[in-house]
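Observations on the three-dimensional arrangement
The lines below spell out each chain.
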Amino acid sequence: MSELGFYHLTQAPLEKVLPVMLTRALERGWRSEVRGRDPARLDALDHVLWTFSQEIFLPHGQAGQPHADRQPVLLTTAPAPEGGPREALFLVDGAALDPAEAGARTRTALLFDGHDEAAVETARTEWRAATAAGLKAVYWAQGEKGGWEKKAESG
């Protein structure tokens, strides 16, 4: 069964949340794809993933680089052909959700900035499209202490 999570970032930025989520996906044995819209932003996230922790190594690369198909975590602006579909898909910075694609993944997470009204509205639109397509979705919001609180669930 596919899991679709909407993550409303209000307390910590994407740069703090994404590495933790990717580490958990790797611990589950999942290969992950991080899809954004802006190559420069993905370059910045690439740097974050190399430097976020002294204790944790998070192997990753960007689409189009040598051996991209072997990377456990792949950053891309389009559905990644390298290595075929991955179990986990992380949509960031307004990357569009395709309900059919989300339904074929083990886990899809749409992360959005709660301080950006346009991003919040886009997430609402994506929620409606996903639930209209019959996907079960869960909406998570960051609590004041940084943990995740389930706020809504479809289906």
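Refer to the structure above for everything that follows.
Report on the accompanying structure. (Residues numbered from 1 in each chain as written. Predicted model: local features only at pLDDT ≥ 70, side-chain atom pairs only at ≥ 80, totals over all residues. Heavy atoms only, no water.)

Moving on, we come to the overall build of the protein. Counting its regular elements, the protein contains four helices and eight strands. In the protein, the order of α-helices and β-strands from amino to carboxyl end is β-α-β-α-β-β-β-α-β-α-β-β. On C-alpha atoms alone, the protein measures out to a radius of gyration of 15 Å, which is about the 15 Å that the 2.2 N^0.38 rule sets for 155 residues. If you line up the protein on its principal axes, its C-alpha atoms span 40 × 35 × 30 Å. Every one of the 155 residues in the protein was classed for burial, and the buried ones make up 45%. Sequence separation of at least 24 residues holds for 61% of the intrachain contacts in the protein that already meet a minimum separation of 6. Surface exposure of the protein reaches about 8100 Å², of which carbon and sulfur atoms provide 52%. Here the protein holds 17 positive side-chain charges and 22 negative ones, and the gap between their average locations is 5 Å. (Helix = DSSP H or I, 4+ residues; strand = E, 2+ residues; numbered from the N terminus. Rg over C-alpha atoms; globule rule 2.2 N^0.38 Å. Buried < 20%, exposed > 50% of the residue type's maximum accessible area, 1.4 Å probe, protein only. Contact = heavy atoms within 4.5 Å. Areas by Shrake-Rupley, 256 points an atom, 1.4 Å probe, with all protein chains shown as cover. Lys, Arg positive; Asp, Glu negative; His and termini not counted. Charge placed at Lys NZ, Arg CZ, Asp CG, Glu CD.)

Moving on, we get to the sheet that holds strand S1 (residues 3-9). Taking strand neighbours across the sheet as the criterion, the eight strands line up as S3-S4-S2-S5-S6-S1-S7-S8 in an open arrangement whose pairing is mixed. The open sheet is flanked by strand S3 (61-62) and strand S8 (148-153), the only strands paired with a single partner. By the bridge criterion, four bridges tie strand S2 (residues 32-35) to strand S4 (residues 73-76) in an arrangement that is parallel. Residue pairing in the sheet places Arg35 in a bridge with Thr76 of S4. The sheet strands contacting helix H2 (residues 39-51) are S3 and S4, and the helix crosses S4 at an angle near 155 degrees. (Pairing = 2+ DSSP bridges. Axes fitted to C-alpha atoms, helices over the stretch in contact; angles between N-to-C directions.)

Let's shift gears to the packing of helix H1 (residues 14-27) against H2. For the pair H1 and H2, the least separation of the axes is 10 Å and the interaxial angle reads 60 degrees. In terms of crossing hand, the pair formed by H1 and H2 is right-handed. Residues Leu14, Glu15, Leu18, Pro19 and Leu22 of H1 pack against Arg41, Leu45, Val48 and Leu49 of H2. (Left-handed = near helix turned anticlockwise from the far one by under 90°.)

A rise of 1.5 Å per residue sets the reference length of helix H4 (residues 117-132), with its 16 residues, at 22 Å; its end C-alpha atoms lie 23 Å apart and thus fit the reference within 8%. Those residues of H4 that sit buried are Ala119, Val120, Ala123, Glu126, Trp127 and Ala130. What you see down the axis of H4 is that its buried residues fit within an arc of 120 degrees, all on one side. Turned more than 90 degrees away from the buried face of H4, the exposed residues are Glu117, Ala118 and Ala132. Two to three positions downstream of the cap, the backbone nitrogen of Ala118 sits 3.0 Å from a side-chain oxygen, assigning the N-cap of H4 to Asp116. With its phi angle positive at about 90 degrees, Gly134 sits one or two positions after the end of H4. (Expected span 1.5 Å × (residues − 1). Arc of directions from axis to C-beta. Polar contact = N/O pair within 3.5 Å; in protein donor to acceptor, adjacent residues only side chain to side chain.)

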